[in-house]
Amino acid sequence: MAEISAKIVQELRQKTGAGMMDCKKALQQTDGDIEKAIEWLRQKGIAKAEKGAGRIAAEGLVDNYIQPGGQVGVVIEVNCQTDFVARNDAFKALVQNLAKQAATADSVESLLAQPYIEDESVKVEDFLKQSIAQLGENIQVRRFTKYDLAEGTQGVIDSYIHTGGRVGVLVELTSQAEAGSGNEQLQTLARNVAMQIAACPNVEYVNVDEIPAAVVQKEKDIEMGRDDLGNKPQNIKEKIVLGRIEKRLKEMTLVDQPYIRDQSITVEELIKQSAAQVGGSVQVHRFTRYVLGEGIEKQESNFAEEVAAQMGTQ
């Protein structure tokens, strides 16, 4: 076998964009022949995958997995570049498998390092590269959140996916009632609460007590500085601001929202009604809400320039 120098590995990396270890392996498999190594990488889908991995991925799917029994739940966001690939059955199956597999992971990094659930001969990271090559787009596991009921805790974890995988919610309810996740009323309540959270983009906290003091102070500063209060006496201004802040904080909290299926009651009242049916107190312990692509700066491209650039590279 020919000796593989660092220089030739670097040369192959520059030509293909593949990773260092992949380039070294390709050269070992082809006795140091760069052209054959390039072909080897292309056959394995690695060169195309690594090149595709540099493109912005802002589309994709938000999906979920709830372990039977409702003790463990996951909401995950996996990104691709276009809605066309997001609707592809192979991509959908990949996201579902990743959601299920994330139930045994602690971070995106640990998930990528695991053997893939459908083919344990490859790691998740390597299977993603194969999928990038197959689908022709960059694919990234952006984030996931996992809830796991604490030992001895009665409750249930549930999730809701809205608008074709563009919004996802994971919620955990705890209860003093017996049967916990086996209680149908509790499961129904968890699903309804998850749907409520999906429909309320301004909701960030379960109740007012959870809102950090710094957030409350920020809202107060904003209200105190409004132009319509400029000429009012300080004591009157304080009363007006207090009322406005109270309203604003309730807009940020789940339990103070009108219930989407019955606007005559709040979510807090819904929970109390359900608690009576469940046979014990019920609390929303925590929730997570994902919106597909939030915070990702999408790349704007000129189609004519893109075609011209591609023609110039052929």
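Residues numbered from 1 in each chain as written. Predicted model: local features only at pLDDT ≥ 70, side-chain atom pairs only at ≥ 80, totals over all residues. Heavy atoms only, no water.

K.L.:
What's the story with the packing of helix 2 (residues 20-29) against helix 3 (residues 34-44) in this structure? I'm lost.
P.N.:
To describe two helices that pack against each other, one gives the angle between their axes and the distance between the axes. Running from N to C, helix 2 and helix 3 point in directions that differ by 120°, and their axes come no closer than 8 Å. Every pair of crossing elements has a handedness; the one defined by helix 2 and helix 3 is right-handed. Residue-level contacts link Asp22, Cys23, Lys25, Ala26, Leu27 and Gln29 of helix 2 to Ile34, Ala37, Trp40 and Leu41 of helix 3. Class assignment for the residues of the contact of helix 2 with helix 3 results in seven nonpolar, one polar and two charged. (Axes fitted to C-alpha atoms, helices over the stretch in contact; angles between N-to-C directions. Helix = DSSP H or I, 4+ residues; strand = E, 2+ residues; numbered from the N terminus. Left-handed = near helix turned anticlockwise from the far one by under 90°. Contact = heavy atoms within 4.5 Å. Nonpolar A, V, L, I, M, F, W, Y, C, P; charged D, E, K, R; others polar.)

K.L.:
What is the right way to look at the packing of aromatic side chains in this model?
P.N.:
Pairs of aromatic rings are described using the distance from one ring centre to the other and the angle between the two planes. According to the stated counting rule, one finds one aromatic pair in the structure shown. The interplanar angle of 20° and the centroid separation of 4.0 Å between the aromatic rings of Tyr116 and Phe127 together place this pair among those described as stacked. Placement of Tyr116 in strand 3 (residues 115-116) and of Phe127 in helix 8 (residues 124-135) is noted, with a sequence separation of eleven residues between them. Sitting above the plane of the Tyr290 ring, Arg143 keeps its charged end 3.9 Å from the centroid. (Phe/Tyr/Trp six-rings, centres within 6.5 Å; stacked < 30°, edge-to-face > 60°. Lys NZ or Arg CZ within 6 Å of the ring centre and 35° of its normal.)

K.L.:
Any chance you could explain helix 2 here in plain terms?
P.N.:
Count 3.6 residues to each turn of an α-helix, and residues three or four apart come out pointing the same way. Taken as a whole, helix 2 has its buried residues at Asp22, Cys23, Ala26 and Leu27. All buried residues of helix 2 lie within an arc of 130° about the axis, which places them on one face of the element. Every exposed residue of helix 2 that faces more than 90 degrees away from the buried side is listed here: Met21 and Gln29. Looking one or two places after helix 2, you find Asp31, whose phi comes out positive at around 55°. (Buried < 20%, exposed > 50% of the residue type's maximum accessible area, 1.4 Å probe, protein only. Arc of directions from axis to C-beta.)

K.L.:
What is the right way to look at the environment of Leu229 in this model?
P.N.:
Tracing the chain through its elements places Leu229 in the loop between helix 10 (213-224) and helix 11 (234-251). You can call Leu229 buried: its relative accessible area is 1%. It is 8.6 Å that separates the C-alpha atoms of Leu229 and Ile240, two residues lying eleven residues apart in sequence. Those residues in contact with Leu229 that lie beyond four places of it in its chain are Glu223, Lys237, Ile240, Val241 and Arg244.

K.L.:
Looking at this model, I keep getting lost on the sheet that holds strand 10 (residues 282-291). Mind explaining?
P.N.:
Two orientations exist for strands paired in a sheet by backbone hydrogen bonds: parallel and antiparallel. The three strands lie next to each other as 6-7-10, forming an open sheet whose pairing is antiparallel. Only two strands of the sheet have a single neighbouring strand rather than two, namely strand 6 (155-162) and strand 10. For this sheet the average axis-to-axis angle between neighbouring strands, irrespective of direction, equals 15°. The pairing of strand 6 with strand 7 (residues 167-175) spans eight bridges and is antiparallel. Each bridged residue has a counterpart across the sheet, and for Ile157 the counterpart in strand 7 is Glu172. (Pairing = 2+ DSSP bridges.)

K.L.:
Would you explain unusual backbone geometry in this entry?
P.N.:
Glycine aside, the phi torsion of most residues is negative, and most peptide linkages are trans. Even without glycine at this site, Asp31 takes up a positive phi of about 55°. Although it is not a glycine, Thr163 sits at a positive phi angle of roughly 50°.

K.L.:
What is the right way to look at the confidence of the model for the chain in this model?
P.N.:
Mean pLDDT over the chain works out to 87, with 88% of the residues at or above the 70 mark. Below pLDDT 50 for its whole length, residues 306-314 participates in one contact with residues either more than four positions away or in separate chains. (pLDDT = per-residue confidence, 0-100.)

K.L.:
Explanation requested: the side chain of Thr253 in the structure shown.
P.N.:
Note that Thr253 resides in the loop between helix 11 and strand 8 (258-259). On the basis of relative accessibility, which here comes to 0%, the residue Thr253 falls in the buried class. Of note is the side chain of Thr253, whose polar atom sits 3.1 Å from the backbone oxygen of Lys250. Engagement of the side chain of Thr253 in a polar contact is seen with the side chain of Asp256, the distance being 2.7 Å. Discounting residues that sit within four places of it in the chain, Thr253 has contacts with Val203, Tyr205, Val206, Asn207, Val208 and Ile211. (Polar contact = N/O pair within 3.5 Å; in protein donor to acceptor, adjacent residues only side chain to side chain.)

K.L.:
Please clarify how the side chain of Glu172 should be interpreted in this entry.
P.N.:
Residue position: Glu172 is located in strand 7. Here Glu172 falls in the buried class, since its relative accessible area comes to 3%. The contacts of Glu172, once residues within four sequence positions are left out, are Tyr147, Leu149, Val156, Ile157, Gln283, Val284, His285 and Arg286.

K.L.:
Sorry if this is basic, but what is going on with the sheet that holds strand 5 (residues 140-148) here?
P.N.:
Strand order in the open sheet formed by three strands is 1-2-5, with antiparallel pairing between adjacent strands. Unpaired on one side and paired on the other, strand 1 (59-66) and strand 5 mark the two borders of the sheet. On average, each strand axis in the sheet is inclined to that of its neighbour by 10°, with strand direction left out of account. As paired elements, strand 2 (residues 72-80) and strand 5 share eight bridges and run antiparallel to each other. Bridge pairing in strand 5 places Glu77 opposite Arg143.

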